[in-house]
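Report on the structure
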Amino acid sequence: MSDHHIPSARIERTRRGQQHFVSDVDETGLGAVDAVADDSAPSSMWGEAWKSLRRRPLFWISAFIILFAVLLSLFPGLFTSQDPRYCELSRSLGDPTSGHIFGFDRQGCDIYSRVVYGARASVTVGIFTTIAVVLIGGVLGSLAGFLGGWLDSLISRITDIFFAVPLLLAAIVIMQMFKEHRTVWMVVIVLSAFGWTQIARITRGAVMSAKNEEFVTAARATGASRWRILTSHILPNAMAPIIVYATVALGTFIVAEASLSFMGIGLPPSIVSWGGDISQAQTSLRTQPMVLFYPALALALTVLSFIMMGDAVREALDPKARKK
């Protein structure tokens with residue numbers, strides 16, 4: 001009988017120098033290999049962002065500096081027992097001594113205590129101004145982007161008018177008009193009145209992009225009200241760019257407060273601030289540069305930490321920048 005009539009499974013041809021090795025049968029089926037755990041909770045955008053953030057050294061460094069600045073502003077007594085307003089001219093521009101590690105300024109005030117207490121005014125202005133501009137710009141931008149029509153045109157034109165006025169210039173003019181009422185809250189109000197325009201534009205664009213998504217269409221199909229769609233579906237998905245800008249803007253408002261105090265039209269000398277100390281240290285820059293160095297370093301580190309935090313948050317919330 002020829003090979004051609006024998007079933008191929010029974011044909012065994014062994015040639016010289018040739019051996020057959022048969023592996024063991026793998027009993028694991030393809031279904032078990034390809035199976036994935038379906039009992040784990042789905043990961044949200046914020047969950048993925050947190051996983052990305054906690055792996056970044058830049059995030060932890062900036063978070064530590066920010067937390068330290070907040071602690072300085074809330075509990076300055078934990079870091080120094082010296083009164084920042086107690087000055088003796090006999091100690092003017094004195095060198096560092098025990099209990100006064102940064103030395104003394106021209107008025108004989110302890111520089112270290114003034115750096116510690118100066119955080120309160122600067123951080124307070126930055127935080128509350130940021131909250132105010134997010135509320136004002138967020139509300140106006142959300143209404144303009146969601147409702148559209150004539151309301152969008154009106155809000156956009158008002159935003160353009162305020163946007164055309166430089167923030168620092170407007171603050172200088174307004175603060176000059178209220179010289180007798182120069183307080184922390186007055187600075188917050190002035191900066192908030194002219195600092196909300198950028199956040200309004202960002203919010204409007206984010207809302208306009210989110211309202212065309214399929215989940216909004218599904219919410220409308222279920223009979224959800226416009227208010228519920230805006231607050232429960234659109235805004236949570238449009239918060240990423242708002243949070244990123246707010247983080248960076250906080251540092252910007254701290255710089256704006258310091259600039260106003262540096263020019264003598266921000267906070268009064270009775271309120272300890274980094275900008276005011278930098279302004280007073282100008283006259284000692286050539287002979288005692290360290291008098292200016294310490295408050296300037298505290299200001300720079302605080303602002304830099306918020307900028308670094310904004311960069312880290314932006315990369316974590318941006319799917320294109322997130323590394324897989």
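This text follows the structure it describes.
These numbers come from a predicted model, not from an experiment.

1. A word on the overall build of the protein
Looking only at helices and strands, one finds 12 helices and 0 strands in the protein. Starting at the N terminus and walking to the C terminus, you meet the elements of the protein as α-α-α-α-α-α-α-α-α-α-α-α. Looking at the protein as a whole, 39% of its 324 residues are labelled buried. Partitioning the intrachain contacts of the protein with sequence separation of at least 6 by distance along the chain shows that 69% fall at a separation of at least 24. Surface accessibility of the protein: about 19,500 Å² in total, with carbon and sulfur atoms responsible for 63%.

2. A few points about the state of the cysteines
Scanning the entire structure with this criterion turns up 1 disulfide. The partner cysteine of Cys87 in its disulfide is Cys109, sulfur to sulfur 1.7 Å. Since a negative S-S torsion denotes a left-handed disulfide, the Cys87-Cys109 link at about 85 degrees is right-handed. Of the two residues, Cys87 sits in the loop between helix H3 (57-74) and helix H4 (111-147) while Cys109 sits in the loop between H3 and H4, which places them 22 residues apart along the sequence.

3. Concerning a nonpolar patch on the surface
Together, Met290, Phe293, Leu297, Leu301, Leu304 and Ile307 line one region of the surface with nonpolar side chains, adding up to about 480 Å² of accessible area. Exposure remark for Met290: the relative accessible area of 38% places this residue in the partly exposed category.

4. What about the packing of H4 against helix H7 (residues 184-195)?
At a closest axis distance of 9 Å, the pairing of H4 and H7 adopts a crossing angle of 35 degrees. For the pair H4 and H7, the sense of crossing is right-handed. Taking contact as the criterion, the partners of Ala121, Thr124, Val125, Phe128, Thr129, Ala132, Val133 and Ile136 in H4 are, on H7, Val184, Trp185, Val187, Val188, Leu191, Ser192 and Gly195.

5. What to know about unusual backbone geometry
In this structure, Leu93 is a non-glycine residue whose phi angle is positive, near 55 degrees. With respect to the helices, strands and loops of the structure, Leu93 is situated in the loop between H3 and H4.

6. Remarks on the side chain of Thr247
Its place among the elements puts Thr247 in helix H10 (residues 226-262). A polar side-chain atom of Thr247 sits 2.8 Å from the main-chain carbonyl oxygen of Ile243. Sequence-distant contacts of Thr247, defined by excluding residues within four places in its chain, comprise Phe306, Met309 and Gly310.

7. Considering the packing of H10 against helix H12 (residues 290-317)
The interhelical angle for the contact between H10 and H12, taken along N-to-C directions, is 170 degrees, at an axis separation of 8 Å. Relative to H12, the element H10 is oriented roughly antiparallel. Contacts between H10 and H12 pair Ala240, Ile243, Val244, Thr247, Val248, Leu250, Gly251, Ile254, Val255 and Ala258 from the former with Leu299, Thr302, Val303, Phe306, Met309, Gly310, Val313, Arg314 and Leu317 from the latter. Taken together, the residues of the contact of H10 with H12 break down into 14 nonpolar, 4 polar and 1 charged.

8. Considerations on the pattern of salt bridges
In this structure the tally under the stated criterion is 7 salt bridges. The salt bridge involving Arg114 is made with Asp277; its shortest N-O contact spans 2.9 Å. With Arg114 in helix H4 and Asp277 in helix H11 (residues 274-280), the pair connects residues that are 163 residues apart, well separated along the chain. You'll find Arg114 and Asp277 in the same group, each marked buried. Linking Asp152 and Arg204 is a salt bridge whose minimum nitrogen-to-oxygen distance equals 2.7 Å.

9. Considerations on the nonpolar core
Counting 30 residues, the largest nonpolar core has Leu53, Val115, Ile254, Trp274, Leu299, Val313 and Leu317 as its most contacted members. Elements supplying a minimum of two residues to this core: helix H2 (45-53), H3, H4, H10, H11 and H12. Counting residues per element, this core draws most heavily on H12, which supplies 12 residues. Contact partners of Ile254, with chain neighbours within four places excluded, come to Ser122, Gly126, Leu299, Thr302, Val303 and Phe306. By size, the runner-up hydrophobic cluster in this structure holds 14 residues, among which are Ala121, Val184, Met186 and Leu260.

Parameters and conventions
- Residues numbered from 1 in each chain as written.
- Predicted model: local features only at pLDDT ≥ 70, side-chain atom pairs only at ≥ 80, totals over all residues.
- Heavy atoms only, no water.
- Helix = DSSP H or I, 4+ residues; strand = E, 2+ residues; numbered from the N terminus.
- Buried < 20%, exposed > 50% of the residue type's maximum accessible area, 1.4 Å probe, protein only.
- Contact = heavy atoms within 4.5 Å.
- Areas by Shrake-Rupley, 256 points an atom, 1.4 Å probe, with all protein chains shown as cover.
- Disulfide = S-S within 2.5 Å.
- Patch = residues over 30% accessible without salt bridge, like charges linked within 9 Å, V, L, I, M, F, W, Y side chains within 5 Å.
- Salt bridge = Lys/Arg side-chain N within 4 Å of Asp/Glu carboxyl O.
- Axes fitted to C-alpha atoms, helices over the stretch in contact; angles between N-to-C directions.
- Left-handed = near helix turned anticlockwise from the far one by under 90°.
- Polar contact = N/O pair within 3.5 Å; in protein donor to acceptor, adjacent residues only side chain to side chain.
- Parallel < 35°, antiparallel > 145°, perpendicular 65-115°, else oblique.
- Nonpolar A, V, L, I, M, F, W, Y, C, P; charged D, E, K, R; others polar.
- Core = buried A, V, L, I, M, F, W, Y, C linked by side-chain atoms within 4.5 Å.

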